[in-house]
Amino acid sequence: MFNLSLIEHTLRLPPHLLSLSLDKAVRHELEKLFLDKVIANLGLCVSVYDTRRIDGGFIFPGDGAPTYTVECRLLVFRPFVGEIIEAKLKEFNKDGLRLSVGFFDDIYVPFHLLPYPSRFEPDSENGNRFRWIWEYQAASEENEADQTPATVYPIDEIGETIRFRVQSVNYPSIPLEQPKDSKPFAPMVITGSLDNDGLGPISWWE
């Protein structure tokens, strides 16, 4: 889920930071640049882990700030495909589920990756509020052709813990124009799946 990524970056150090030690000033600027930002094909930076090398300090003509070449390691959130993760249900609709791990909310489980067969229907016992239902029907132990009555497993509690498998991690290109009614642009999107044993709300398997 978390990885250390080594990067090299050309860093301009503003003059007002020159009163600090070089290490502290460089770290301050690195955190300002990368912390809580998504770096394409690397992931979401959650921490500047350490600084490995600082070279340079050149002042270019017409500029009053030194420029350094910095090599550092970033701690990034970048799940691998197939990884099993637990997250909280943030919202849901007819298209599927949206999950959150607290510091990252762009995790989606589309309806075709929910357990089969699942359906989106109103709950008559809760003011007809819509919910997702997985209808599980097990075969009889004595005769696989005989089926026991189906058991219904709901997904309808915001905040409940859901275990999912990472299906893909994508870094969409920044759109040149975005419709006013579209959802905010997400520079990193994780697609998850619940269609396997042990996945879904934790309460299903307790």
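Look a little higher up for the structure.
Not measured: the values here are computed from a predicted model.

## Section: the sheet that holds strand β10 (residues 151-155)
Link 1 in the chain: The three strands lie next to each other as β8-β9-β10, forming an open sheet whose pairing is antiparallel. The sheet terminates laterally at β8 (118-123) and β10, the two strands that pair on one side only. Along the sheet, successive strands turn relative to each other by an average axial angle of 40°, direction set aside.
Link 2 in the chain: In this structure, strand β9 (residues 129-136) lies alongside β10, joined through five bridges in antiparallel fashion.

## A closer look at the sheet that holds strand β4 (residues 67-77)
Link 1 in the chain: Across the sheet, which stays open at both edges, the four strands sit in the order β1-β4-β3-β2 with antiparallel pairing between neighbours. Looking along the sheet, the strands with just one partner apiece sit at the ends: β1 (2-12) and β2 (38-39).
Link 2 in the chain: Note that β1 and β4 share 11 bridges and pair antiparallel. When the sheet's bridge partners are listed, F2 is paired in β4 with F77.
Link 3 in the chain: Here helix α1 (residues 22-34) sits on the sheet in contact with β1, β2, β3 (43-58) and β4, set at roughly 135° to β3.

## Things to note about unusual backbone geometry
Link 1 in the chain: Residues Y116 and P117 are joined by a peptide bond in cis, for which omega reads -5°.
Link 2 in the chain: Tracing the backbone shows P117 in the loop between β7 (107-110) and β8.
Link 3 in the chain: Despite not being glycine, D36 shows a phi value in the positive range, around 65°.
Link 4 in the chain: Mapped onto the elements, D36 comes out in the loop between α1 and β2.
Link 5 in the chain: Even without glycine at this site, N41 takes up a positive phi of about 70°.
Link 6 in the chain: For N41, the position within the fold is in the loop between β2 and β3.

## A short note on the side chain of D50
Link 1 in the chain: Along the chain, D50 falls in strand β3.
Link 2 in the chain: Judged by its relative accessible area of 19%, D50 is buried.
Link 3 in the chain: One polar contact links D50 to R73, side chain to side chain, over a distance of 2.6 Å.
Link 4 in the chain: Not counting residues within four places of it along the chain, the set of residues in contact with D50 comprises R27, C72 and R73.

## Re the side chain of E29
Link 1 in the chain: Positionally, E29 belongs in helix α1.
Link 2 in the chain: An unpaired buried charge is present at E29: no salt bridge exists, and K32, the closest side chain of opposite charge, is 4.4 Å distant.
Link 3 in the chain: Contacts of E29, omitting those with residues within four sequence positions, involve L11, R12, L13, P14 and L17.

What counts, and where the lines are drawn
Residues numbered from 1 in each chain as written. Predicted model: local features only at pLDDT ≥ 70, side-chain atom pairs only at ≥ 80, totals over all residues. Heavy atoms only, no water. Pairing = 2+ DSSP bridges. Helix = DSSP H or I, 4+ residues; strand = E, 2+ residues; numbered from the N terminus. Axes fitted to C-alpha atoms, helices over the stretch in contact; angles between N-to-C directions. Contact = heavy atoms within 4.5 Å. Buried < 20%, exposed > 50% of the residue type's maximum accessible area, 1.4 Å probe, protein only. Polar contact = N/O pair within 3.5 Å; in protein donor to acceptor, adjacent residues only side chain to side chain. Lys, Arg positive; Asp, Glu negative; His and termini not counted. Salt bridge = Lys/Arg side-chain N within 4 Å of Asp/Glu carboxyl O.

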